[in-house]
Amino acid sequence: GGVTEAQMPKLPLKKYMQSYAETKAMGEMEMLANCSEDFLTIAVAPHQVYGPRDNLFLPNILEAAGTGKLRVFGPGTNQVCFTHVDNY
């Protein structure tokens, strides 16, 4: 399973940890505000995005794995979905 729409926090949040998250939320709110019968919109939120210009996620996870600091929760059978993006 996953999280349902009703379980998601309502935007805007009171505080954001990164400006990226804040601007992403701003864009999502603007896009959803313009949804209509004539112009249907959808918000897609992949778990983790990586690609050629990723200088945060993939390098950090590879470093953690290479130095033995990658934390695995549970028995190690968890599944996580990653999305590769190369057109940004």
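Residues numbered from 1 in each chain as written. Predicted model: local features only at pLDDT ≥ 70, side-chain atom pairs only at ≥ 80, totals over all residues. Heavy atoms only, no water.

Chemist: Pulling in residues and values, what's your account of the overall build of the protein chain?
Modeler: Within the protein chain one finds two helices and two strands. Compactness check: the protein chain gives a C-alpha radius of gyration of 16 Å against a globular reference of 12 Å for 88 residues, more than 25% above the reference. Principal axes of the C-alpha set define a box for the protein chain whose edges measure 50 × 30 × 25 Å. Evaluated residue by residue, the protein chain yields a buried proportion of 8% over its 88 residues. Here the protein chain has roughly 8,000 Å² of accessible surface; of this, 58% comes from carbon and sulfur atoms. For the protein chain, the distance from the average position of its 7 positive side-chain charges to the average position of its 9 negative side-chain charges is 14 Å. (Helix = DSSP H or I, 4+ residues; strand = E, 2+ residues; numbered from the N terminus. Rg over C-alpha atoms; globule rule 2.2 N^0.38 Å. Buried < 20%, exposed > 50% of the residue type's maximum accessible area, 1.4 Å probe, protein only. Areas by Shrake-Rupley, 256 points an atom, 1.4 Å probe, with all protein chains shown as cover. Lys, Arg positive; Asp, Glu negative; His and termini not counted. Charge placed at Lys NZ, Arg CZ, Asp CG, Glu CD.)

Chemist: Lay out the side chain of Thr-41 in plain terms, naming residues and giving numbers.
Modeler: Here Thr-41 is to be found in the loop between helix H1 (19–33) and strand S1 (48–50). Residue Thr-41 is classed as buried on the basis of its relative accessible area, which comes to 18%. The residues touching Thr-41, leaving out its near neighbours within four places in the chain, are Met-31, Leu-32 and Cys-35. (Contact = heavy atoms within 4.5 Å.)

Chemist: Can you explain the side chain of Asp-54? Please cite residues and give values.
Modeler: Along the chain, the position of Asp-54 falls in the loop between S1 and helix H2 (57–66). For Asp-54, the side chain forms a polar contact with the main-chain nitrogen of Leu-58, separated by 2.7 Å. (Polar contact = N/O pair within 3.5 Å; in protein donor to acceptor, adjacent residues only side chain to side chain.)

Chemist: Lay out the environment of Ala-45 in plain terms, naming residues and giving numbers.
Modeler: Turning to its location among the elements, Ala-45 is positioned in the loop between H1 and S1. For the pair Ala-45 and Met-29, spaced 16 residues apart in sequence, the C-alpha to C-alpha distance is 13 Å.

Chemist: Just give me the short version of the environment of Glu-30, but keep the residues and values in it.
Modeler: Residue placement: Glu-30 occurs in helix H1. Separated by 15 residues in the primary sequence, Glu-30 and Lys-15 place their C-alpha atoms 18 Å from one another.

Chemist: Quick rundown of unusual backbone geometry? Include the residues and the values.
Modeler: Each neighbour pair has its own omega, and for Leu-11 with Pro-12 the value is 0°, a cis peptide bond. Relative to the elements of secondary structure, Pro-12 occurs in the segment before H1.

Chemist: Could you give me a rundown of the confidence of the model for the protein chain, with the residues and numbers involved?
Modeler: Per-residue confidence for the protein chain gives a mean pLDDT of 89; residues scoring 70 or more make up 98%. Model confidence for the protein chain, summarised as mean pLDDT per element, is weakest for S1 at 87 and strongest for H1 at 92. (pLDDT = per-residue confidence, 0-100.)

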